[in-house]
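Each chain, letter by letter, is given below.
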Amino acid sequence: MLQRIQTLYLLMAAAVSAGLIYVFELWTNPEGEKVFADDINYVFALFLVSAFFSILSISRFKNRKSQFMLGRLNIILNFILLGLFVYQSLNLSGETVVSEKGIGIFLPIVSIVFLALANKAIKKDEDLVKSVDRLR
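**Remarks on the overall build of the protein**
A tally of helices and strands in the protein yields four helices and three strands. Within the protein, the proportion of its 136 residues that are buried is 40%. Partitioning the contacts of the protein with sequence separation of at least 6, the portion at a separation of at least 24 is 70%. Total accessible area computed for the protein in this model is approximately 8,000 Å², and 67% of it derives from carbon and sulfur atoms. Here the protein carries 14 positive and 11 negative side-chain charges, and the mean point of each set is 21 Å from the other.

In structure tokens, the structure reads:
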């Protein structure tokens, strides 16, 4: 249902996970080459799985519990991705030549924020339905 606010949040999370990975670089090599998410296979796959979970969660609008569960799973996936970036950035900073970190490392944080807002709205809808069921 496109009129619900969580759909907008989930679309934004999917756009961050699938679209902005081509715009913002993750880091710059010591040779001066910009490294994007699609240059590293496992990072690219994790971003695409995150976008897939967001789109799948939008399509599960009739079952709010599974939608909420997919949102939580997607948040955990983005934390794993963020952990990989932190590990990689700590390895990059130990070089003799200083490499430059890009803003693309922070994309999972933006996605986590949108997913948390979507889960909050899903929870609010679920509580509203439960309160109406109590009145019957």
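Here the narrative resumes.
**A word on the packing of helix 1 (residues 5–18) against helix 2 (residues 41–59)**
As a packed pair, helix 1 and helix 2 sit with axes 8 Å apart at the nearest point and diverge in direction by 160°. With respect to each other, helix 1 and helix 2 are oriented roughly antiparallel. At the point where helix 1 passes helix 2, the crossing takes the left-handed sense. Of the residues in helix 2, those in contact with Thr7, Leu10, Leu11, Ala13, Ala14, Ser17 and Ala18 of helix 1 are Phe47, Ser50, Ala51, Ser54, Ile55, Ser57 and Ile58. Split into classes, the residues belonging to the contact of helix 1 with helix 2 amount to nine nonpolar, five polar and no charged.

Rules and cut-offs
- Residues numbered from 1 in each chain as written.
- Predicted model: local features only at pLDDT ≥ 70, side-chain atom pairs only at ≥ 80, totals over all residues.
- Heavy atoms only, no water.
- Helix = DSSP H or I, 4+ residues; strand = E, 2+ residues; numbered from the N terminus.
- Buried < 20%, exposed > 50% of the residue type's maximum accessible area, 1.4 Å probe, protein only.
- Contact = heavy atoms within 4.5 Å.
- Areas by Shrake-Rupley, 256 points an atom, 1.4 Å probe, with all protein chains shown as cover.
- Lys, Arg positive; Asp, Glu negative; His and termini not counted.
- Charge placed at Lys NZ, Arg CZ, Asp CG, Glu CD.
- Axes fitted to C-alpha atoms, helices over the stretch in contact; angles between N-to-C directions.
- Parallel < 35°, antiparallel > 145°, perpendicular 65-115°, else oblique.
- Left-handed = near helix turned anticlockwise from the far one by under 90°.
- Nonpolar A, V, L, I, M, F, W, Y, C, P; charged D, E, K, R; others polar.

Keep in mind these values describe shape, not function.
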